[in-house]
Amino acid sequence: MNIVTVGIDLAKNVFALHGVDQSGKAVFIKPKVARGQLLEMVAHLPPCLIGMEACSGAHHWAREFSRYGHTVKLMAPKFVAPYRMSGKRGKNDAADAAAICEAVTRPNMRFVPVKDLDQQAILCLHRTRQGFIEERTALYNRLRGLISEFGIVLPQKVERLRREIGAHLEALPGWANRCVGDLLVHADRLNERIEEYDRAIAEAARQDARSRQLMQLPGIGPTTASALVASLGGGHDFKNGRQLAAWAGLVPGQYSSGGKARLGRITKAGDAYLRSLLVMGARAVLAGLGEKQDRFSRWARNLVERRGYWKAAVAIAAKNLRLAWAILHYGEDYRPIEETA
């Protein structure tokens, strides 16, 4: 068998494989492969192009398959769906594997960078920290909902909520008082854990040369720099910074027809966590502009006046991401443009 391309539909325990030859003819079809047999089966294949959907475990399998000389590429599931010949009515593992095999050969397909072990370890820090933050937000919302049942409505700002809730605790019935107290104690514990993870991420960023280079950019701190390095590696999966900005969803969606260009809101495609970090960093830049008169500050201030606050924040976030790609791709430090006399 002269197999050149293989599509693998990933799962927890049962996988589906679909392989084709140079002419595109299916020559290797395995609709049911047990988890324990998958690696051995792929190891015996000749070096070929392997396509998979980016999902849980995909990066692990990509690293394993690469050890045997295969070229592995990951794709977002939404980009694979149009290639399923039987459509929504005939969805099954074998059809998914065939669609993946077809999609991975498309010249304009966009791929997800394969992450190594160190990258995924750092991303574990970010995902766990973000989970604690979401849990804390849900906890405070639950707290507001509980006390509102007793006619107590406090400001949304967490600092004011914690400062003012003490004066209302005595007015709550016994069990309600206990519940509110337990929620406040749990929130304190979550704050401690989040601070621990902040310190761990900052330490990891300081120890990484690429993260230190990224932190030279305005609006990029240890958390954003660490997340960028862990998500992008060297940035070699993208041809340029604009392609990376499009991958992150920081470019306007196009609705053009008849020669008339219509640009809408940003697409919000890609990693929402990275995008939110970049936008928050851009907002910090705008908040710290003050009366600065350097070239970047003048540009940012003028952008706010012309296009408004939020469009300026998104533009700065996209600019930082393009600069981050250049730093990661070429390995050079950030060099701001010098003022001309």
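As a starting point, this report considers the structure included with it.

Calculation criteria
Residues numbered from 1 in each chain as written. Predicted model: local features only at pLDDT ≥ 70, side-chain atom pairs only at ≥ 80, totals over all residues. Heavy atoms only, no water. Core = buried A, V, L, I, M, F, W, Y, C linked by side-chain atoms within 4.5 Å. Buried < 20%, exposed > 50% of the residue type's maximum accessible area, 1.4 Å probe, protein only. Helix = DSSP H or I, 4+ residues; strand = E, 2+ residues; numbered from the N terminus. Contact = heavy atoms within 4.5 Å. Phe/Tyr/Trp six-rings, centres within 6.5 Å; stacked < 30°, edge-to-face > 60°. Polar contact = N/O pair within 3.5 Å; in protein donor to acceptor, adjacent residues only side chain to side chain.

What follows covers the nonpolar core. Core analysis: the largest hydrophobic core is formed by 36 residues, its most contacted members being Leu 214, Leu 228 and Leu 250. Of all elements in the fold, only helix H9 (222–232), helix H10 (241–247), helix H11 (272–287), helix H12 (295–307) and helix H13 (309–330) reach the threshold of two or more residues within this core. For this core, the element with the most residues is H13, which contributes eleven residues. Apart from residues no more than four positions distant in its own chain, Leu 214 is found in contact with Ile 220, Ala 225, Leu 228, Val 229, Ala 324, Ile 327 and Leu 328. In terms of nonpolar packing, the next biggest core, distinct from the first, is built from 21 residues, Val 6, Leu 17, Val 33 and Cys 48 among them.

Scanning the entire structure with this criterion turns up seven aromatic pairs. Measuring from centroid to centroid gives 5.7 Å for Trp 61 and Phe 65, while their planes differ by 25°, and the two rings are stacked. Here Trp 61 pairs with Phe 65, and both are found in helix H2 (residues 58–66), just four residues apart, close to one helical turn. Residue Trp 61 shares its accessibility class with Phe 65, and that shared class is buried. Pairing Trp 325 with Tyr 330 gives two aromatic rings, centres 5.8 Å apart and planes at 85°, and the pair type is edge-to-face. For Trp 325, a relative accessible area of 6% translates into the label buried. By way of ring pairs, the aromatic residues Phe 15, Trp 61 and Phe 65 are connected into one cluster.

Let us now look at H9. For H9, the buried fraction is high: ten of the eleven residues fall into the buried class. By the burial criterion, the buried members of H9 are Thr 223, Thr 224, Ala 225, Ser 226, Ala 227, Leu 228, Val 229, Ala 230, Ser 231 and Leu 232. Each element contacted by the buried residues of H9 is listed here: helix H5 (117–148), helix H7 (174–207), helix H8 (209–214), H10, H11 and H13. Where H9 terminates, the next one or two residues include Gly 233, which has phi positive at roughly 65°.

Within the fold, Asp 271 resides in the loop between strand S7 (263–266) and H11. Judged by its relative accessible area of 18%, Asp 271 falls in the buried class. Here Leu 274 takes part through its backbone nitrogen, which lies 3.3 Å from a polar atom of the side chain of Asp 271. Excluding residues within four positions of it along the chain, Asp 271 makes contact with Arg 127 and Ser 231.

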